[in-house]
Amino acid sequence: MVRKRRTELPGGGESSGSQEGSGGRGGGAQHPHAQQQPQQQQGVGYQGGGGRGWGPQSQYGGRGGYGGRSGGGAQRGGMTSQQGYGGPPEYHQGRGTQQQPRGGPLPQRRGGRGVGPAASGPSRPPVPELHQATQALHQAGVTTQPMPYGKPAEMHAEASSSSRLPEQSHSEVTQQFQQLSVQQEGPSSQEIQPVAPSSKSMRFPLRPGKGSTGTRCIVKANHFFAELPDKDLHQYDVSITPEVTARVVNRAVMEQLVKLYRESHLGKRLPAYDGRKSLYTAGPLPFISKEFKISLIDDDDGSGGARREREFKVVIKLAARADLHHLGLFLQGRQADAPQEALQVLDIVLRELPTSRYCPVGRSFYSPYLGRRRPLGEGLESWRGFYQSIRPTQMGLSLNIDMSSTAFIEPLPVIDFVTQLLNRDVSSRPLSDADRVKIKKALRGVKVEVTHRGNMRRKYRISGLTSQATRELTFPVDQRGTMKSVVEYFQETYGFVIQHTQWPCLQVGNPQRPNYLPMEVCKIVEGQRYSKRLNERQITALLKVTCQRPQERESDILKTVHHNAYANDPYAEEFGIKISEELASVEARILPAPWLKYHDTGREKDCLPQVGQWNMMNKKMVNGGTVNNWICINFSRNVQDNIAHNFCSALADMCNTSGMAFNPAPILPPLSARPDQVERVLKARFHDAMTKLQPRSKELDLLIVILPDNNGSLYGDLKRICETDLGIVSQCCLTKHVYKMNRQYLANVALKINVKVGGRNTVLVDALSRRIPLVSDRPTIIFGADVTHPHPGEDSSPSIAAVVASQDWPEVTKYAGLVCAQAHRQELIQDLFKTWQDPVRGTVSGGMIKELLISFRRATGQKPQRIIFYRDGVSEGQFYQVLLFELDAIRMACAALEPNYQPPVTFVVVQKRHHTRLFANNHNDRHAVDKSGNILPGTVVDSKICHPTEFDFYLCSHAGIQGTSRPAHYHVLWDENKFTADGLQSLTNNLCYTYARCTRSVSIVPPAYYAHLAAFRARFYMEPETSDSGSMTSGVAAGRGGIGIGAGPRSTRVPGANAVVRPLPALKENVKRVMFYC
């Protein structure tokens, strides 16, 4: 059976229970995961990347924000072309200030994707290579060299042919560097010699010292100090024949081998085994290579018959010595690269005992005895467990332990399981086709045991359902082909009378020669993890189980460590690993909240947030947008016309009170319509509105939509039609909120409407007074990027990449976004930079970075002279590939705009999917915790539990609401701007207070958050039915179950991972200009 990828919850794999709220985010009236924006793909895409782009923006001041709603801005459809494709004239040589080239040559991408000469210009000089900005820490004995530019040759393939990234070692990546051939494109194609790479050229920036800003305090972390053993580790290759794919069988074979031969042949050593090909020992075995014969006898199935005996040949052969000395040097900061092999050995050693006791899933272990089982509905239950991983940190080796829960299939009789799955009494009416599909999907691959043979409990794996009812099934009983019915056979052979003869049978075993088992004689075997996608109710139930207050979670983690009793673990003892039983005490600092600027006409002109939150009372938006012309469509049959009218009036009032210029009267009265007519109604009403507006050269500014509470694909359909077809921004409101008309809700919706029509809600006071280090001194663009992948089980849907970039400076508050579909589960963003052949203009370049740089230039009148790039959703094993590929693309996009244009770049990875949790040192100290019992917003940690030498930090920027807050982990992979620790930590924390959708600081930096919202919006364009779904793989607001993938003409599912990915529908230009995804 092929196991589908596991369903992952917001907690990152297993549910963690932390739910970050956001007053306004919840109040935003639309589906929890928001929205997004596709960009055009393929040859002719990226209108903004060529002559067309976004209009210049009026300078900072009163109303009429972005796009100049109050005049002066570009009209719908973007500006007319200023010039040829290469972007505005200011980006060409001879205009503006040019940066001096730094360093040596920059190798270019192979295969025609190089930068090439500027359109119709002369061939340009080589692009400068940029040296890694790292301080050299000579006292620690670490030397660094510049990193040569380029990326592994294998990555040049188009998005369509790429698949999930394998994790690569430093040496493999270095080899790929050495294989790069570097060529200058264009008329002068002479060779450029790359700088000879070495393993040290791969260094990420070193920590530029520790931060000192903020109020010092102590927090506890769920890291437990692990003493580095002083043992001579050996690795042996294991080959077992006949080869078995199941780790559980491999482990049984090796367990038997150790039991039989530990004393006599293994030198009394207790080896640790990874379940596959590697065995590790603390010291050498008394041989270089040896063959063993092992017999395994199957478990007693209660039949009383002879049990099956299987023979295995096991060869154990010395492979290598794992060096702990280098791990020690790395932990002391005296060696650059983490010795992954040594870490892996220690991890395997500490996993040996729990693997034999519990059910292992990824890096976690589950058991029905580690906490109460809870029903999740539809035949599933939650099991409690713990996550365990060994990590190198500044304090030395650390064992990271966290609590987790995941879904298992309840060990029910199959009849009971099906009753729960269908949620009705199944004997009352026959199964429909939809019922059969649901049952088949849920049971395929599940292991069952038979119950009709007394103590004999033979186990089978379900391969499918029969198409006929049990009463119609017959099978041959002898060579002559004599047929017997299943019903007769069970009656005669076992004296068992089948009750549910109208039901299908389960097909078990080999699909070519299936065995039939009536459902009522089968029971589901305990301990099978449910790896498919959970629905909305199941996710809610699982979150309820995992949602623990910090004090309770800390207590459970400590209990788990005591229960695991590492001091008595024979494997830990054998290898000399000692684990502390105390949580690590870590120095932290609480960064101050930033002052926020509001409009001078409000009673409060600025505001200092308290404990991560504030409100809009007595304040007006710093730049209120204008809504002159709007309409309302009501798709909820429970909302009468007068209620819709009153709600719209109240919302218009709130927008005006908050500082917008919002016309209280719609241009047409509210219209009620049926959800199944969404496309026809939207287009007809839009046409009616435009008929009224066009003679006066006016545009429709906003569509307000009232939706039923459960609206299926309606939300996604509506956003797709509005944003990619009609070119209007919309605000959706659910029926329950329309009836309540709560003022807090209306205020939150007003915040969303304002940024959708080009306004700004608030701005950092320090941004206006030009006091933000490395942002305020010269034009700076801040990017956010994320890739969301399809749900487990959707084997061919594309992944969606989104990139947003700030469009105002010095405020850095407004972000435009672009998106693209790319190959299934591809993590590298393929469309950051691309070139293609145009029949008229020849080689043309474009891509998301180039288009966003041009739109920044158009909006601010200035070129970015500094780039800060926050990248979400990258795991540690992919740091090198993502940095190489994406930084290269940023470089080429800059060079394609103007020769020698290479603004310095800082590239920061943002991670929420980790298991580090921070707790107050004293839970009873009212000054050390927020209302939810969590650490205070602004808490930053950059010592002890962080990387031994690199520039990373944990920042909890938000106040908790329920559960235990998860700090975001920021890891700097490239830094030419030479940020100090305080500089980057304060900038990141301050930006978290500028998120447009609520008056709370959020848990990850807003550009990364917006990229996530943008990628989510694009999934609606592609798969409108999944409007209530969430990213299970790389996101922060993720984790809501959905209904499935869209079919029909818009479906982008294609057979085979290498098939061409269908591009997303293009966004309309006027939508692209604003934060429509909010």
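Refer to the structure printed above.
Note that the coordinates shown come from a computational prediction; the quantities given were computed from them, not determined experimentally.

About the cut-offs
Residues numbered from 1 in each chain as written. Predicted model: local features only at pLDDT ≥ 70, side-chain atom pairs only at ≥ 80, totals over all residues. Heavy atoms only, no water. Phe/Tyr/Trp six-rings, centres within 6.5 Å; stacked < 30°, edge-to-face > 60°. Helix = DSSP H or I, 4+ residues; strand = E, 2+ residues; numbered from the N terminus. Buried < 20%, exposed > 50% of the residue type's maximum accessible area, 1.4 Å probe, protein only. Core = buried A, V, L, I, M, F, W, Y, C linked by side-chain atoms within 4.5 Å. Domains from an automatic or database assignment. 1 Å grid on protein atoms, 1.4 Å probe; cavity = no way out; pocket = protein on both sides within 12 Å on 5 of 7 lines; lining within 4 Å. Points joined across faces, edges and corners; volume = space filled by probe spheres on them. Nonpolar A, V, L, I, M, F, W, Y, C, P; charged D, E, K, R; others polar. Pairing = 2+ DSSP bridges. Lys, Arg positive; Asp, Glu negative; His and termini not counted. Salt bridge = Lys/Arg side-chain N within 4 Å of Asp/Glu carboxyl O. Polar contact = N/O pair within 3.5 Å; in protein donor to acceptor, adjacent residues only side chain to side chain. Axes fitted to C-alpha atoms, helices over the stretch in contact; angles between N-to-C directions. Contact = heavy atoms within 4.5 Å. Disulfide = S-S within 2.5 Å. Expected span 1.5 Å × (residues − 1). Parallel < 35°, antiparallel > 145°, perpendicular 65-115°, else oblique. Left-handed = near helix turned anticlockwise from the far one by under 90°. Right-handed = clockwise from strand over helix to strand, strands pointing away.

Asker: Sorry, what's going on with the packing of aromatic side chains here?
Answerer: Describing an aromatic ring pair means giving the distance of the ring centres and the angle of the ring planes. Using the criterion set out here, one finds 25 aromatic pairs in the structure. Taking the centre distance of 5.3 Å and the plane angle of 25° together, the rings of Phe 953 and Tyr 970 count as stacked. Linking Phe 953 in strand E40 (residues 952–956) with Tyr 970 in strand E41 (residues 968–975), this pair joins segments that are 17 residues apart in sequence. Here the two residues Phe 953 and Tyr 970 agree in accessibility, since each one is buried. Of the aromatic side chains, those joined through ring pairs into one cluster are Tyr 815, Tyr 995, Tyr 1009, Tyr 1010, Phe 1076 and Tyr 1077.

Asker: Can you help me understand the nonpolar core in this one?
Answerer: Soluble globular proteins tend to pack their nonpolar side chains together in the buried interior. In this structure, Phe 662, Phe 783, Tyr 870, Tyr 970, Tyr 1010 and Tyr 1077 are the most contacted members of the largest nonpolar core, which totals 138 residues. With 13 residues, helix H19 (residues 879–897) is the single largest residue contributor to this core. Residue contributions to this core reach at least three from each of two domains, namely domain 3 (624–759) and domain 4 (764–909 + 976–1023 + 1061–1077).

Asker: Which parts of the structure should I look at to understand empty space enclosed by the protein?
Answerer: In this approach a probe as big as a water molecule rolls over the atoms, and the regions it shows empty are the leftover space. Inspection of the entire model under this criterion finds seven cavities of 30 Å³ or more. Looking at the largest cavity, it is lined by 13 residues, and the ones nearest its centre are Asn 761, Thr 762, Tyr 995, Ala 996 and Cys 998. Classifying every residue of the lining of the largest cavity gives seven nonpolar, five polar and one charged.

Asker: Hey, could you run me through the pairing of strand E17 (residues 504–508) in this one?
Answerer: On a regular strand, each side chain points to the face opposite its neighbour's, so the side chains alternate between the two faces of the sheet. In terms of residue burial, E17 counts as a mostly covered element, since four of its five residues are buried. Strand direction decides the pairing type here: strand E14 (residues 459–469) and E17, joined by four bridges, are antiparallel. Among the inter-strand pairings, Leu 465 is bridged to a residue of E17, identified as Leu 506. In this structure, E17 lies alongside strand E18 (residues 515–518), joined through four bridges in antiparallel fashion. Paired with Val 508 across the strands is Asn 515, a residue of E18.

Asker: Which parts of the structure should I look at to understand the side chain of Arg 203?
Answerer: Relative to the helices and strands, Arg 203 resides in the loop between helix H2 (170–179) and strand E1 (215–221). The charged side chain of Arg 203 is buried without a salt bridge, its nearest counter-charge being Glu 950 at 4.2 Å. Separated by 3.2 Å, the side chains of Arg 203 and Thr 949 make a polar contact.

Asker: Before we go on, may I ask you to explain the pattern of salt bridges in this structure?
Answerer: Where side chains of opposite charge bring their charged atoms close, a pairing between them can arise. Under the definition given, this model contains 42 salt bridges. Between Arg 871 and Glu 827 there is a salt bridge, with its nearest N and O atoms 3.0 Å apart. Taken together, the residues span a long stretch of sequence, with Arg 871 in strand E36 (residues 866–872) and Glu 827 in the loop between strand E33 (815–822) and strand E34 (834–838) at a distance of 44 residues. For the pair Arg 871 and Glu 827, a shared accessibility class is recorded, and that class is buried. Between Glu 898 and Lys 863 there is a salt bridge; the shortest N-O distance is 3.2 Å. With Glu 898 in the loop between H19 and strand E37 (905–911) and Lys 863 in the loop between helix H18 (848–860) and E36, the pair connects residues that are 35 residues apart, well separated along the chain. By the burial criterion, Glu 898 is buried, and Lys 863 matches it. A cluster of three or more residues bridged by salt bridges with shared partners is formed by Arg 373, Glu 381 and Glu 526.

Asker: Please explain the sheet that holds E18 as it appears in this structure.
Answerer: By definition, the strands of a sheet pair up through backbone hydrogen bonds, in either a parallel or an antiparallel sense. The sheet built from five strands is open, its strands ordered E18-E17-E14-E13-E19 with antiparallel pairing. A single partner strand is all that each edge strand has here, and the edge strands are E18 and strand E19 (522–524). In this sheet, neighbouring strand axes are inclined to one another by 55° on average, regardless of whether the strands run parallel or antiparallel. Packing against the sheet, helix H6 (residues 414–422) makes contact with strand E13 (447–450), E17 and E19, and its axis sits at approximately 60° to E19. This element, helix H8 (residues 486–494), spans E17 and E18 of the sheet and lies at about 75° to E18.

Asker: What am I meant to see in the state of the cysteines here?
Answerer: On inspection of all chains with the given rule, the structure shows zero disulfides. Cys 733 provides the cysteine sulfur closest to Cys 732, a residue in no disulfide bond, and the two sulfurs are 7.3 Å apart. No disulfide involves Cys 1078; its nearest neighbouring cysteine sulfur is the one of Cys 998, lying 9.8 Å away. On the basis of relative accessible area, Cys 1078 is assigned to the buried category, the value being 0%.

Asker: What exactly am I supposed to notice about the sheet that holds strand E27 (residues 671–672) here?
Answerer: In spatial order, the strands read E27-E25-E28-E29; together these four strands make up an open sheet with parallel pairing. One side of each edge strand has no neighbouring strand; the edge strands of this open sheet are E27 and strand E29 (730–734). By the bridge criterion, five bridges tie strand E25 (residues 630–634) to strand E28 (residues 702–707) in an arrangement that is parallel. Bridge pairing in E28 links Ile 633 to Val 705. Sheet contacts for helix H12 (residues 641–657): E25, E27, E28 and E29; angle to E28, the most-contacted strand, approximately 130°. Packed on one face of the sheet, helix H16 (residues 743–756) meets E28 and E29 and runs near 160° to E29.

Asker: When you look at helix H3 (residues 247–261) in this model, what are you seeing that I'm missing?
Answerer: Owing to its 3.6 residues per turn, the α-helix brings residues three or four apart onto one side. Taking 1.5 Å per residue as the helical rise, H3 with its 15 residues ought to reach 21 Å, and the 21 Å between its terminal C-alpha atoms agrees with that figure. At its buried positions, H3 is contacted by strand E3 (233–241), strand E4 (272–273), strand E5 (278–282), strand E6 (289–297) and strand E7 (309–322).

Asker: Is there a simple way to think about the packing of H6 against helix H7 (residues 433–443) in this case?
Answerer: Packed helices, taken two at a time, are described by the angle between their axes plus the distance between the axes. Interhelical geometry of H6 versus H7 gives an angle of 120° and a closest axis separation of 11 Å. It follows from the interaxial angle that H6 and H7 lie oblique. The two elements H6 and H7 meet at a crossing, and its hand is right-handed. Of the residues in H7, those in contact with Val 414, Phe 417, Val 418, Leu 421 and Leu 422 of H6 are Asp 435, Lys 438, Ile 439, Ala 442 and Leu 443. Residue composition of the contact of H6 with H7, grouped by class: eight nonpolar, no polar and two charged.

Asker: Which parts of the structure should I look at to understand the environment of Glu 950?
Answerer: Within the secondary structure layout, Glu 950 lies in the loop between strand E39 (939–941) and E40. Among the residues examined, Glu 950 registers a relative accessible area of 7% and is labelled buried. When the C-alpha atoms of Glu 950 and His 971 are compared, they prove to be 7.9 Å apart, with 21 residues separating the residues in sequence. When sequence neighbours within four positions are dropped, the list of residues in contact with Glu 950 reads Arg 203, Phe 204, Pro 205, Leu 206, Arg 207 and His 971. Reaching out from Glu 950, the side chain makes a polar contact with the side chain of His 971 at a distance of 2.8 Å.

Asker: What is the right way to read unusual backbone geometry from this model?
Answerer: Between Thr 241 and Pro 242 the backbone carries a cis peptide bond, its omega angle lying at -5°. Note that Pro 242 resides in the loop between E3 and H3. Backbone torsion omega between Trp 809 and Pro 810 reads 15°, so that peptide bond is classified as cis. Mapped onto the elements of the fold, Pro 810 is located in the loop between strand E32 (799–806) and E33. A positive phi angle, close to 55°, is found at Ser 697, a residue other than glycine. Its place among the elements puts Ser 697 in the loop between helix H13 (678–693) and E28. Taking relative accessible area as the criterion, Ser 697 reaches 64% and is therefore assigned exposed. In this structure, Met 741 is a non-glycine residue whose phi angle is positive, near 50°. Following the sequence through the fold, Met 741 ends up in the loop between helix H15 (735–740) and H16.

Asker: For this particular structure, what's the right way to read the pairing of E29?
Answerer: Burial analysis of E29 places five of its five residues in the buried class, which makes it a mostly covered element. Burial of the side chains of E29 extends over both faces: Ser 730, Cys 732 and Leu 734 are buried on one face and Gln 731 and Cys 733 on the other. For E28 and E29, the ladder comprises five bridges, and the chain directions are parallel. Each bridged residue has a counterpart across the sheet, and for Ile 704 the counterpart in E29 is Gln 731. Crossover E28 to E29 through helix H14 (residues 714–726) is right-handed.

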